[in-house]
Amino acid sequence: MKKILLFLALLLVSAASSAQTDEHLKFMGMPINGKIMEFQQALAKKGFFCNGTDGNTISMHGAFADNKDCNVIIMCSQDTKVVYSVSVIFPADEDWNSLYGRYSLLKKNLTEKYANDKVDCAETFSSTYQKTDNSLVLFHAVKSGDCNYSTTIIDSLGVIRLQISNAKKAYDTTCFVSLVYLDGVNGLNENDKIKDDL
């Protein structure tokens, strides 16, 4: 919950600075803006195919940043169907070294690309795991939710968050890297609509 609140606070700061313009954060060179079906069609032209839709979300599959088999989730406003967020779920990794290697390479490339923006990194384990470098133990920490590895970039046009994540399934937990692009202007508009409900 703390991570979500921090992420929303960072979004609001970013959105306030970008609200004066009509510019939008970009994903694969495309502004995170416009109708969700148009955004889906543009991704399809880049080789992604649709996995399915669920209300205000479209799930697509394809290659991203030299990684095959990525899932891309596009989110839009319920009312306007305007895209405000795009997330990438990278393929699951089976060990700490692969997981950390993917995270580190993406972090390096993102911080180089957005070198002039504010970058906030949190890379810790719970106290149980802090004094070890055993990759099996560290991977178990990710599976059990005791790993907090994230890099948040606050761009003038939005927020980008890279993190090591996990998802519990029926009999196992998968570990993967996720990347979220949240457009400042459209994200703020969506947040205002949520506040109207409160």
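These numbers come from a predicted model, not from an experiment.

Caption draft 1: Region of the structure containing the sheet that holds strand E3 (residues 49-54). Taken in spatial order, the eight strands make up an open sheet running E3-E4-E5-E6-E10-E9-E8-E7, and their pairing is antiparallel. The outermost strands of the open sheet, each flanked by one partner alone, are E3 and strand E7 (118-125). Strand-to-strand twist of the sheet, defined as the mean angle between neighbouring strand axes without regard to direction, takes the value 20 degrees. Relative to strand E9 (residues 158-168), strand E8 (residues 147-155) runs antiparallel, the two being bridged by six bridges. If you follow Thr151 over to E9, its bridge partner there is Leu162. Docked against the sheet, helix H3 (residues 96-113) engages strand E5 (67-76), E7, E8, E9 and strand E10 (173-183), running at close to 15 degrees with respect to E8. Strands in contact with helix H4 (residues 135-143) are E7, E8, E9 and E10; relative to E9, the strand with the most contacts, it is inclined by about 100 degrees.

Caption draft 2: Region of interest: the packing of aromatic side chains. Enumeration over the complete set of coordinates arrives at nine aromatic pairs. Ring geometry for Trp96 versus Tyr100: centroids 5.4 Å apart, planes at 20 degrees, classification stacked. Remark: Tyr100 and Trp96 occur in helix H3; sequence separation between them is four residues, near one turn of the helix. Look at Tyr100 and you get partly exposed, because its relative accessible area is 33%. Measuring from ring centre to ring centre gives 5.9 Å for Tyr100 and Tyr149, while their planes differ by 85 degrees; the resulting arrangement is edge-to-face. Placement of Tyr100 in helix H3 and of Tyr149 in strand E8 is noted, with a sequence separation of 49 residues between them. Linked through ring pairs, Trp96, Tyr100, Tyr103, Phe125 and Tyr149 together constitute an aromatic cluster.

The rules we used
- Residues numbered from 1 in each chain as written.
- Predicted model: local features only at pLDDT ≥ 70, side-chain atom pairs only at ≥ 80, totals over all residues.
- Heavy atoms only, no water.
- Pairing = 2+ DSSP bridges.
- Helix = DSSP H or I, 4+ residues; strand = E, 2+ residues; numbered from the N terminus.
- Axes fitted to C-alpha atoms, helices over the stretch in contact; angles between N-to-C directions.
- Contact = heavy atoms within 4.5 Å.
- Phe/Tyr/Trp six-rings, centres within 6.5 Å; stacked < 30°, edge-to-face > 60°.
- Buried < 20%, exposed > 50% of the residue type's maximum accessible area, 1.4 Å probe, protein only.

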